[in-house]
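# Working through the structure, step by step
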Amino acid sequence: MSDDDSMKRLEAPASIYLLAEHLDAALAAGEDLTGVLFIWPGAAPREPEKIAELREGQRSAIERIRTFELALISRVLKGREWAEEVAESEERFALMARLYLGGTAVLLDAVEECADVSAADFDAGSDLLAYVRSRGMIPADAPALSDTTPLVAGEDFLVARRIPLGPLLDLAAMFLDTLEAEYELFFRYDDSGSFGLPASHLL
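Residues numbered from 1 in each chain as written. Predicted model: local features only at pLDDT ≥ 70, side-chain atom pairs only at ≥ 80, totals over all residues. Heavy atoms only, no water.

Moving on to the pattern of salt bridges. Taken as a whole and judged by the stated rule, the model has six salt bridges. Here glutamate 81 makes a salt bridge to lysine 78, at a shortest N to O gap of 3.1 Å. Of the two residues, glutamate 81 and lysine 78 are both situated in helix α3 (residues 48-89); the distance of three residues between them amounts to about one turn of the helix. Residue classification places lysine 78 among the partly exposed residues on the basis of a relative accessible area of 33%. Put simply, arginine 92 and glutamate 90 hold a salt bridge, and the shortest N to O gap is 3.4 Å. Looking at glutamate 90, the relative accessible area reads 11%, which means it is buried. Residues joined in a network through salt bridges with shared partners are Glu90, Arg92 and Glu182. (Salt bridge = Lys/Arg side-chain N within 4 Å of Asp/Glu carboxyl O. Helix = DSSP H or I, 4+ residues; strand = E, 2+ residues; numbered from the N terminus. Buried < 20%, exposed > 50% of the residue type's maximum accessible area, 1.4 Å probe, protein only.)

All right, on to the nonpolar core then. Judged by nonpolar contacts, the single largest core of 53 residues is most densely connected at Leu72, Val132, Phe157, Val159, Phe175 and Leu179. Listing elements by their share of this core, those giving two or more residues are α2 (14-35), α3, α4 (94-104), α6 (125-134) and α7 (165-180). The dominant element in this core, judged by the number of residues it contributes, is α3, at eleven residues. Contacts of phenylalanine 157, omitting those with residues within four sequence positions, involve Leu33, Ile65, Glu69, Tyr131, Arg135, Met137, Ile163, Pro164 and Leu165. (Core = buried A, V, L, I, M, F, W, Y, C linked by side-chain atoms within 4.5 Å. Contact = heavy atoms within 4.5 Å.)

What follows covers the side chain of threonine 104. Secondary-structure assignment places threonine 104 in helix α4. Residues in contact with threonine 104, not counting those within four places in the same chain, are Val76, Arg80, Leu168 and Leu171.

This part is about the packing of α4 against α7. Where α4 contacts α7, the axes come no closer than 10 Å and their chain directions differ by 165°. With respect to each other, α4 and α7 are oriented roughly antiparallel. Pair α4 / α7 crosses with left-handed handedness. Along the contact surface, α4 presents Met96, Ala97, Leu99, Tyr100, Gly103 and Thr104, while α7 presents Leu168, Leu171, Met174, Phe175 and Thr178. In terms of residue class, the contact of α4 with α7 is built from eight nonpolar, three polar and no charged. (Axes fitted to C-alpha atoms, helices over the stretch in contact; angles between N-to-C directions. Parallel < 35°, antiparallel > 145°, perpendicular 65-115°, else oblique. Left-handed = near helix turned anticlockwise from the far one by under 90°. Nonpolar A, V, L, I, M, F, W, Y, C, P; charged D, E, K, R; others polar.)

By themselves these figures say nothing about function.
Next comes the structure, spelled out in structure tokens:
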């Protein structure tokens, strides 16, 4: 690719850059979300101190999962705002933008619910149990959270109780790939540690 071609690929509207930023951040939040894992080693504890340690570990893991879930929702919804603009102004991305908008519309109803922190502090065990149950982390009819159940958000994790994590991240990744196929959206580094961009773009 010539320098002129490289320069041309770098010329993207601001809306494209901002959309790509939110999509990339959503994917990062999703990766962080699936990276949380809590497993109690060995058999279920019987001593009070160990039981308290187990409960604290479960609580901490779920709080981290919820934090990353909220970050993911926030980025997806901000991405929707720019996707709407891109759908109207960039015809070649209109179909993908509308697919993204349609696939994430269900999260709009979750904004008020997720902003309600009245039950988010997990002051009672029932709150923590309700959260993991509503996200599909344990069976819906599970009477309690088992002491030895691994706590992890997989592809079937229900973001905001509405949409599986796997398909949501696939949609964001597909949209980002579509944008990157047309534009060079992110700074790249070569092996020497310097920017892989024309000198004029580093001033």
